[in-house]
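Here is how the chains run, residue by residue.
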Amino acid sequence: QVQLVESGGGLVQPGGSLRLSCAASGNIAILLIMGWYRQTPGKERELVAGITSGGRTNYADSVKARFTISRDSARNTVYLQMNSLKPEDTAVYYCNVQGRYFGGNEYNYWGRGTQVTVSS
């Protein structure tokens, strides 16, 4: 089992910034990909940003140049720095980790989600 603890959500005005954090613990073994997804009511969960163990990143087109994902491998923590926030960024943001146990089985875990609201 892998446990994820998310933090950093909240209410911010348009143009503002927030930083999300997600710390993984437990039977992590080989942590391959860490990422952030978001979901609004009635819509499917969508990828916001991801980062591999090698540091390769990918972003949704809607957040490129505004959001930055990073990870601290020593602390098994992933961050999402969100700048120039827009009302359409309002969503529940979920941390996701994918990896492999030492026995070879793959795993995929989700955090509980943290609300981000962008409103004046």
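Here the structure is a predicted model, which means the values were calculated and not measured. (Residues numbered from 1 in each chain as written. Predicted model: local features only at pLDDT ≥ 70, side-chain atom pairs only at ≥ 80, totals over all residues. Heavy atoms only, no water.)

Here the focus is the state of the cysteines. Where two cysteines share a covalent bond between their sulfur atoms, that bond is called a disulfide. Per the stated rule, a full pass over the model turns up one disulfide. The disulfide partner of Cys 22 is Cys 95, and the gap between their sulfur atoms is 2.1 Å. Handedness of the Cys 22-Cys 95 disulfide follows from its S-S torsion of about -80°: it is left-handed. Of this pair, Cys 22 sits in strand E3 (residues 18-26) while Cys 95 sits in strand E9 (residues 91-100); the two residues are 73 residues apart in sequence, bridging distant segments of the chain. Both residues of the pair, Cys 22 and Cys 95, count as buried. (Disulfide = S-S within 2.5 Å. Helix = DSSP H or I, 4+ residues; strand = E, 2+ residues; numbered from the N terminus. Buried < 20%, exposed > 50% of the residue type's maximum accessible area, 1.4 Å probe, protein only.)

In the structure shown here, the tally under the stated rule is three aromatic pairs. Here Tyr 101 and Tyr 107 contribute two aromatic rings whose centre-to-centre distance is 4.8 Å and whose plane-to-plane angle is 45°, an arrangement assigned as tilted. With relative accessibility at 18%, the residue Tyr 101 sits in the buried group. In this structure Tyr 107 comes out as buried when scored by relative accessible area, which is 5%. Where Tyr 107 meets Tyr 109, the ring centres are 5.6 Å apart and the plane angle is 50°; that geometry is what we call tilted. Across this residue pair, the class does not change: Tyr 107 and Tyr 109 are buried. Among the aromatic residues, those joined into a cluster by ring pairs are Tyr 101, Tyr 107 and Tyr 109. (Phe/Tyr/Trp six-rings, centres within 6.5 Å; stacked < 30°, edge-to-face > 60°.)

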